[in-house]
Amino acid sequence: MNSRPARMLYLLFFLVILLNIAVLVFGVEHYSREDFPPGFVFGAGTSAYQVEGAAKEYGRTPSIWDTFLQKGNANETGDVACDGYHKYKEDVQLMVDTGLEAYRFSISWSRLIPNGRGRVNPKGLQYYNNLINELVKHGIEPHVTLHHHDLPQILEDEYGGWVNRKIVKDFTAYADVCFREFGDRISYWTTVNEPNIFSVFGYDLGGMGPGRCSSPFGKNCYSGNSSTEPYLVVHHILLAHASAARLYRNKYWGKQNGFIGISVLVLKYISATNSTEDVNAIQRAYDFFVGWVVHPLVYGDYPNIMKEVVGSRLPVFTNYELRLIKGSFDFLGVLHYCAAYVKDNSRNQTSDVRDYSTDMGLFNVATSKFLDFVWLTYQFPARPWELQDVLEYFKQAYDNPPIYIHENGQQTKRISSLEDTSRVRYLHAYIGSVLDALRNGSNVRGYFAWSFLDLFEIMVGYSASYGLYYVDRDDLELRRYPKLSAYWYSHFLKRRSVRSSGIEVGKNLPAPSLANFSSLAYEV
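Treat the numbers as computed from the prediction; the structure is a model and nothing was measured. (Residues numbered from 1 in each chain as written. Predicted model: local features only at pLDDT ≥ 70, side-chain atom pairs only at ≥ 80, totals over all residues. Heavy atoms only, no water.)

K.L.:
Can you lay out the overall build of the chain for me, pointing to particular residues and giving the numbers?
P.N.:
Secondary structure assignment for the chain yields 17 helices and 15 strands. Every one of the 524 residues in the chain was classed for burial, and the buried ones make up 61%. Within the chain, contacts between residues at least 6 apart in sequence are counted, and of these 75% link residues at least 24 apart. By element, 52% of the accessible surface of the chain is carried by carbon and sulfur atoms, the whole surface being about 20,800 Å². (Helix = DSSP H or I, 4+ residues; strand = E, 2+ residues; numbered from the N terminus. Buried < 20%, exposed > 50% of the residue type's maximum accessible area, 1.4 Å probe, protein only. Contact = heavy atoms within 4.5 Å. Areas by Shrake-Rupley, 256 points an atom, 1.4 Å probe, with all protein chains shown as cover.)

Structure, rendered in structure tokens:
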């Protein structure tokens, strides 16, 4: 078989194999909205403090986020943010123009109930009713988060907030108000946003509100105990979540038929070497960072490795609490942006003074510094297979629960250029990886791009950008302008086939509406 036709046949066969490998490794290149199941939902997200503004108006009182930033932890705040409080109708219209099917946002506890408990603020109630009604009127499904890092400061001052078990009762009462007032129009409730990040950065490392930590683990600590408080916070969050879920199921589900979940940030962990120690460190990282929250919800208790390493510093659930927590969710929200290379550092787990990061026992090779905790890094290139691997991990480790991708997006520097071609490629690749995961049996139900607008970011303020829409902060009106990624997402949502290459767009983009989308010079 040395003839030319035979060689050509072998070459063709080889090229087909390479193409199949490329699809498996890099995901689908060409797809459309129609490739996803009819019930799958696409949207974008924000959170209250990051987008609303009006922080000192209309009866709102400070949250721990306000206080943390005002103590000199940042040069920028969310006092004005994107002024979403006043511009919600304009923003909903942009969502309609974009073709969003759903919008994920959070309710500011201190805007709705300024004293943390008791009297409801009429202005706050009116604002959220107006926003929800505007979304529903335009056929956009609201997905609501009750707590997105913004506990009312008054509860922090009174009894320490999340480090105190009293928070369970107050959070349940707050959730009751939300279910009662908004539940006739809300079907998807997330109790707490990423408790794993909130607890570690807020109560161990001191890098987020309320800025609690202890030496030598955190920086600029006002008070706290890095060895114990992160575990107390997650423990009380799980109890509060389960209490709110029980309340909803017993009191509201019969009429409202909604769903309750909780979200968790998930990194894709990659071993720095092939050593047994580093490979084993990957599972420990997942157990400490993801299993810390998810394992009790699925299996009724903390992962064994956490109980072994943390010992008496890890709170213990009663048998009644274990029954309450296990199965107390209808879905899980997954926030995913990047991976982290990890190297074993478990020798420090024998130290007498340890924090959560030391207990985790990892060395972060991304920074070449001894951190004992895998700091998030968004400098890795886009590798969409990592999200597919994360979804596969949930399928294998937690019996394939219903999952919504609550956040996924690319961080770039905040610049006025609207031609964010790298974000287009990122979105295309990662949404394609979700499609791959679906085809591989993942029980993923929806995808929310982070973020709808360029807003106040937790770690970096306004210097970084995730938004589909640019917000001109030099303009008193804070006008919104669609980026290329908004056009790409709109193109996809409106049932057009997409791919990542061949992007062409005029330098003078129309703004602020996407109504004339079809007239743009845009090729896919």
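K.L.:
Explain the packing of helix H9 (residues 195-203) against helix H10 (residues 229-256) to me, and be specific about the residues and the numbers.
P.N.:
At a minimum axis distance of 9 Å, the contact between H9 and H10 shows a crossing angle of 150°. Regarding the angle of H9 to H10, the classification is roughly antiparallel. In terms of crossing hand, the pair formed by H9 and H10 is right-handed. Between H9 and H10, the contacting residues are Pro195, Phe198, Ser199 and Tyr203 on the first element and Glu229, Pro230, Val233, Val234 and Ile237 on the second. Tallied by class, the residues present in the contact of H9 with H10 amount to seven nonpolar, one polar and one charged. (Axes fitted to C-alpha atoms, helices over the stretch in contact; angles between N-to-C directions. Parallel < 35°, antiparallel > 145°, perpendicular 65-115°, else oblique. Left-handed = near helix turned anticlockwise from the far one by under 90°. Nonpolar A, V, L, I, M, F, W, Y, C, P; charged D, E, K, R; others polar.)

K.L.:
Quick rundown of the side chain of Arg354? Include the residues and the values.
P.N.:
Assignment of secondary structure puts Arg354 in the loop between strand E8 (339-344) and helix H14 (356-360). Residue classification places Arg354 among the buried residues on the basis of a relative accessible area of 13%. Polar contacts involving the side chain of Arg354 include one to the main-chain carbonyl oxygen of Val309, which spans 2.6 Å. (Polar contact = N/O pair within 3.5 Å; in protein donor to acceptor, adjacent residues only side chain to side chain.)

K.L.:
Could you give me a rundown of the sheet that holds strand E1 (residues 41-45), with the residues and numbers involved?
P.N.:
As a general point, the strands of a sheet are linked pairwise by backbone hydrogen bonds and lie either parallel or antiparallel. Strand order around the closed barrel formed by eight strands is E1-E2-E3-E4-E5-E7-E10-E12, with parallel pairing between neighbours. Strand-to-strand, the axes of this sheet are offset by a mean angle of 25°, without reference to chain direction. With five bridges joining them, strand E5 (residues 259-265) and strand E7 (residues 331-335) adopt parallel strand pairing. The partner of Val264 across the bridge, within E7, is Val334. Contacts between helix H8 (residues 166-182) and the sheet are confined to strand E3 (141-147), strand E4 (188-192) and E5, with E3 contributing the most and set at about 160° to the helix. (Pairing = 2+ DSSP bridges.)

K.L.:
Could you give me a rundown of the side chain of Arg33, with the residues and numbers involved?
P.N.:
Among the structural elements, Arg33 can be located in the loop between helix H1 (4-26) and E1. Among all residues touching Arg33, those that are not within four sequence positions of it are Pro38, Phe40, Val41, Phe42, Glu101, Phe492, Leu493 and Arg495.

K.L.:
Go over H9, please, and point to the residues and values.
P.N.:
By the criterion of burial, H9 is predominantly enclosed, with nine of the nine residues buried. Within the sequence span of H9, burial applies to Pro195, Asn196, Ile197, Phe198, Ser199, Val200, Phe201, Gly202 and Tyr203.

K.L.:
So what's going on with the nonpolar core? Which residues, and what values?
P.N.:
Nonpolar side chains tend toward joint burial in soluble globular proteins. By size, the foremost hydrophobic cluster in this structure holds 152 residues, and its most contacted members are Phe394 and Tyr489. Broken down by element, this core gets its largest block of residues, 13 residues, from H10. Contact partners of Phe394, with chain neighbours within four places excluded, come to Val264, Val266, Val290, Val294, Leu332, Val334, Asp399, Asn400, Pro401 and Ile403. If you look at the next biggest cluster of nonpolar residues, it comprises six residues, including Ala102, Tyr188, Phe331 and Tyr404. (Core = buried A, V, L, I, M, F, W, Y, C linked by side-chain atoms within 4.5 Å.)

K.L.:
Hey, could you go over unusual backbone geometry for me, with residue numbers and the actual values?
P.N.:
Residue Pro210 is bonded to the preceding Gly209 through a cis peptide linkage, with omega at 5°. Residue Ser451 is reached from Trp450 by a cis peptide bond, and omega for that bond is 5°. One can find Ser451 in the loop between strand E12 (444-450) and strand E13 (464-465). The residue Ala81 is not glycine, and still its phi comes out positive at about 50°. Take Ala81: it is sitting in the loop between helix H3 (64-73) and helix H4 (88-98). Positive phi, normally seen in glycine, also occurs at Glu194, with a value near 35°. Within the secondary structure layout, Glu194 lies in the loop between E4 and H9.

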